[in-house]
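The lines below spell out each chain.
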Amino acid sequence: MNLIIAAKIIWAIGVVGWYVIRIPFERKVKREKVVDARHKVRELILLSCSTCGLGIIPLLWATSELFDFADYPYSAVQLVLGALTFAFSLWLFRRTHEDLGKNWSVTLEIKDSHKLITGGVYRYVRHPMYSAFFLWAVAQLILIPNWIAGPAGVIGFGILYLFRVGREEAMMLDTFGDEYRAYMTRTARIVPGVL
Ligand code: SAH
């Protein structure tokens, strides 16, 4: 099989896998009562940036000739590394959902029974789900041999992360106070011990 077709199939399996992991948790949180929802419009704009970079632009690359002018030569090493990174990101994504449970939300929200999670993968970093999304974006960068569709995920999700993480932590501090402050002193944001 042609390497590019293989890359498109792996990318599609990864995105479908991501959604399949998320579905049961989406159902679970629907019943939760929200007591604080912040920056709603801004959050929707940020989510659109992320969806464009991780979803729409690579989808256009996979299904049309729009970005063909920005293609570059490909190798099997890239395909394998990209696939492995994608698999690792999905594994971490599932772990974060399991650990966060009903406390998860797509936008910035606090539920009436919200609990601060500091165990499981949350023991190592404060935002492991964002680490998983960055790994997905890096997988896309490695997997897709195109100067536009490859980096689009890092840029799209990077925008969401940069404009959200400070406000998310402010919301957690307002809700959990010293408990979150102490958690912040012993954890990094997305890379254990580093960042
Ligand atoms: N930033 C986290 C969670 C992403 S989901 C991560 O990357 O893993 C976003 C929601 O998770 C936010 O609305 C916030 O209410 C909730 N949240 C973030 N950190 C949390 C924690 N340690 N415990 C419980 N809820 C948390």
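Everything that follows concerns the structure shown earlier in this document.
Residues numbered from 1 in each chain as written. Predicted model: local features only at pLDDT ≥ 70, side-chain atom pairs only at ≥ 80, totals over all residues. Heavy atoms only, no water.

Caption draft 1: Structural view of the nonpolar core. Formed by 46 residues in total, the largest nonpolar core has its most connected members in Phe133, Leu143 and Phe157. Elements with a minimum of two residues in this core: helix H1 (3-30), helix H2 (40-63), helix H3 (76-100), helix H4 (128-143), helix H5 (149-176) and helix H6 (178-186). The leading source of residues in this core is H4, at nine residues. Sequence-distant contacts of Leu143, defined by excluding residues within four places in its chain, comprise Ala7, Ile10, Trp11, Tyr74, Leu79, Gly82, Ala83 and Phe86. (Core = buried A, V, L, I, M, F, W, Y, C linked by side-chain atoms within 4.5 Å. Buried < 20%, exposed > 50% of the residue type's maximum accessible area, 1.4 Å probe, protein only. Helix = DSSP H or I, 4+ residues; strand = E, 2+ residues; numbered from the N terminus. Contact = heavy atoms within 4.5 Å.)

Caption draft 2: Structural detail: the packing of aromatic side chains. Under the defined criterion, the tally for this structure stands at 15 aromatic pairs. Aromatic side chains Trp18 and Phe93 sit 6.0 Å apart centroid to centroid with 40° between the ring planes, which places their arrangement in the tilted category. With a gap of 75 residues between them, Trp18 in helix H1 and Phe93 in helix H3 connect regions that are remote in the sequence. Phe93 carries the same exposure label as Trp18, and that label is buried. Members of the aromatic cluster, connected to one another through ring pairs, are Trp18, Tyr19, Phe86, Phe93, Tyr130, Phe133, Phe134, Trp136, Phe157 and Tyr161. Taking NZ or CZ as reference, Lys8 lies 5.3 Å from the ring centre of Trp61, over its face. (Phe/Tyr/Trp six-rings, centres within 6.5 Å; stacked < 30°, edge-to-face > 60°. Lys NZ or Arg CZ within 6 Å of the ring centre and 35° of its normal.)

Caption draft 3: Expanded view of the packing of H2 against H5. As a packed pair, H2 and H5 sit with axes 8 Å apart at the nearest point and diverge in direction by 165°. Looking at the two axes, H2 sits roughly antiparallel to H5. In this structure, H2 meets H5 at a crossing whose hand is left-handed. Here H2 contributes Arg42, Glu43, Leu46, Leu47, Cys49, Ser50, Gly53, Leu54, Ile57, Pro58 and Trp61 to the contact with H5, which in turn contributes Ala149, Ala152, Gly153, Gly156, Phe157, Ile159, Leu160, Phe163, Arg164 and Arg167. (Axes fitted to C-alpha atoms, helices over the stretch in contact; angles between N-to-C directions. Parallel < 35°, antiparallel > 145°, perpendicular 65-115°, else oblique. Left-handed = near helix turned anticlockwise from the far one by under 90°.)

Spatial relationships are all this shows, so hold off on functional conclusions.
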